[in-house]
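Chain by chain, the residues run as shown.
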Amino acid sequence: MAENLNIISGSKEEQYASLLPQIKSLIEGETDLIANLANVTAALKETFHFFWVGFYLVKEDELVLAPFQGPIACTRIRKGKGVCGTAWREKRTLVIPDVDAFPGHIACSSLSRSEIVVPLMKEGEVWGVLDIDSELLGMFDEIDKEYLEQLCGYL
């Protein structure tokens, strides 16, 4: 498949509905995890212009930074720490409208105001997380949750 992304204008839901089949097609048949994670971050960043988009992978007892787009980030996060570590521990997506109100938030960037973290699951265990930050309060909602969980299922 050619590596072209057709970005449409429209509602957030319409943009996700257009983007997800493109991502699925892009990563289908590619066996290299890092290549797929890199393309997913680029597609999300290009489509939605999020402040930060990236993955952390579980390595032993920590989440370790993997492909991302945006400013430099925290390299390692312990289980149960911050939004990413909490999503890992609880094995569920967290939508945080105001990161300053989240107990124990890890401020990799003071510009981040809201966040969504989606765990990547296989056989009931978390092997990584998708982390997206916005410089706007209340950026993420159930639409993001639904479509990003679906996207993470492709991985």
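About the cut-offs
- Residues numbered from 1 in each chain as written.
- Predicted model: local features only at pLDDT ≥ 70, side-chain atom pairs only at ≥ 80, totals over all residues.
- Heavy atoms only, no water.
- Helix = DSSP H or I, 4+ residues; strand = E, 2+ residues; numbered from the N terminus.
- Rg over C-alpha atoms; globule rule 2.2 N^0.38 Å.
- Buried < 20%, exposed > 50% of the residue type's maximum accessible area, 1.4 Å probe, protein only.
- Contact = heavy atoms within 4.5 Å.
- Lys, Arg positive; Asp, Glu negative; His and termini not counted.
- Charge placed at Lys NZ, Arg CZ, Asp CG, Glu CD.
- UniProt positions renumbered as here; feature names shortened; annotations may be inferred.
- Core = buried A, V, L, I, M, F, W, Y, C linked by side-chain atoms within 4.5 Å.
- Pairing = 2+ DSSP bridges.
- Salt bridge = Lys/Arg side-chain N within 4 Å of Asp/Glu carboxyl O.
- Axes fitted to C-alpha atoms, helices over the stretch in contact; angles between N-to-C directions.
- Parallel < 35°, antiparallel > 145°, perpendicular 65-115°, else oblique.
- Left-handed = near helix turned anticlockwise from the far one by under 90°.
- Nonpolar A, V, L, I, M, F, W, Y, C, P; charged D, E, K, R; others polar.

Visitor: Explain the overall build of the chain to me, and be specific about the residues and the numbers.
Guide: Secondary structure summary: the chain contains 4 helices and 6 strands in total. Over its C-alpha atoms the chain spans a radius of gyration of 15 Å, differing by no more than 12% from the 15 Å that the globule rule assigns to 155 residues. Split into buried and exposed, the 155 residues of the chain put 45% on the buried side. Counting contacts in the chain only where the partners sit at least 6 residues apart, residues at least 24 apart contribute 49% of the total. When the 14 positive and 24 negative side-chain charges of the chain are each reduced to one mean point, those points stand 7 Å apart.

Visitor: Give a detailed account of the UniProt feature "domain: GAF" (unreviewed entry) in the chain, specifying residues and quantitative values.
Guide: The UniProt feature table records "domain: GAF" (unreviewed entry) at residues 32-155. Along residues 32-155 the backbone is 31% helical and 33% strand, and the end-to-end C-alpha distance reaches 11 Å.

Visitor: Let's hear about the nonpolar core: which residues, and what values?
Guide: Membership of the largest hydrophobic core comes to 25 residues, with the highest contact counts inside it found for Tyr16, Leu44, Leu130, Ile132 and Leu148. Sorting the residues of this core by element identifies helix H1 (12-27), helix H2 (33-48), strand S1 (52-59), strand S5 (114-122), strand S6 (125-134) and helix H4 (142-154) as the ones contributing at least two each. With residues near it in sequence (within four places) discarded, leucine 148 still touches Tyr16, Leu44, Ile116, Val118, Leu130 and Ile132. Counting residues in hydrophobic clusters, the runner-up holds 18 residues, among them Trp52, Leu63, Cys84 and Val99.

Visitor: Give me the lowdown on the pairing of S5, citing residues and values where you can.
Guide: Counting buried residues along S5, 7 of its 9 residues qualify, which places the element largely inside the surrounding structure. By the bridge criterion, 3 bridges tie strand S4 (residues 94-96) to S5 in an arrangement that is antiparallel. Its bridge partner lying in S5, valine 95 is registered against isoleucine 116. When S5 meets S6, the two strands line up antiparallel, connected through 9 bridges. Bridge assignment links valine 117 to a residue of S6, and that residue is aspartate 131.

Visitor: Give a detailed account of the pattern of salt bridges, specifying residues and quantitative values.
Guide: Under the criterion given, the structure shown has 9 salt bridges. Ionic pairing is found between aspartate 141 and lysine 12, a salt bridge with its closest N-O pair at 3.2 Å. One end of the pair, aspartate 141, is in the loop between S6 and H4; the other, lysine 12, is in helix H1, and 129 residues separate them in sequence. Taking relative accessible area as the criterion, aspartate 141 reaches 31% and is therefore assigned partly exposed. For lysine 12, a relative accessible area of 24% corresponds to the partly exposed category. Here glutamate 125 ties to lysine 91 by a salt bridge, and the two come within 3.3 Å at their closest N and O atoms.

Visitor: How would you explain the packing of H1 against H2 if you had to name every residue and give the values?
Guide: To characterise two packed helices, one gives the angle between the axes of the helices and the distance between these axes. Where H1 meets H2, the axes come as close as 11 Å, and the angle between the chain directions of the two elements is 155 degrees. Taken together, the axis directions place H1 and H2 in an arrangement best described as roughly antiparallel. In the packing of H1 onto H2, the handedness of the crossing is right-handed. Residues Lys12, Gln15, Tyr16, Leu19, Ile23, Leu26 and Ile27 of H1 form the contact with H2, whose own contacting residues are Asn36, Asn39, Val40, Ala43, Leu44, Thr47 and Phe48. Within the contact of H1 with H2, the residues separate by chemical class into 9 nonpolar, 4 polar and 1 charged.

Visitor: Account for the environment of glycine 124, with residues named and values stated.
Guide: Looking at the secondary structure, you find glycine 124 in the loop between S5 and S6. C-alpha of glycine 124 to C-alpha of leucine 65: the two residues are 59 residues apart in sequence and 22 Å apart in space.

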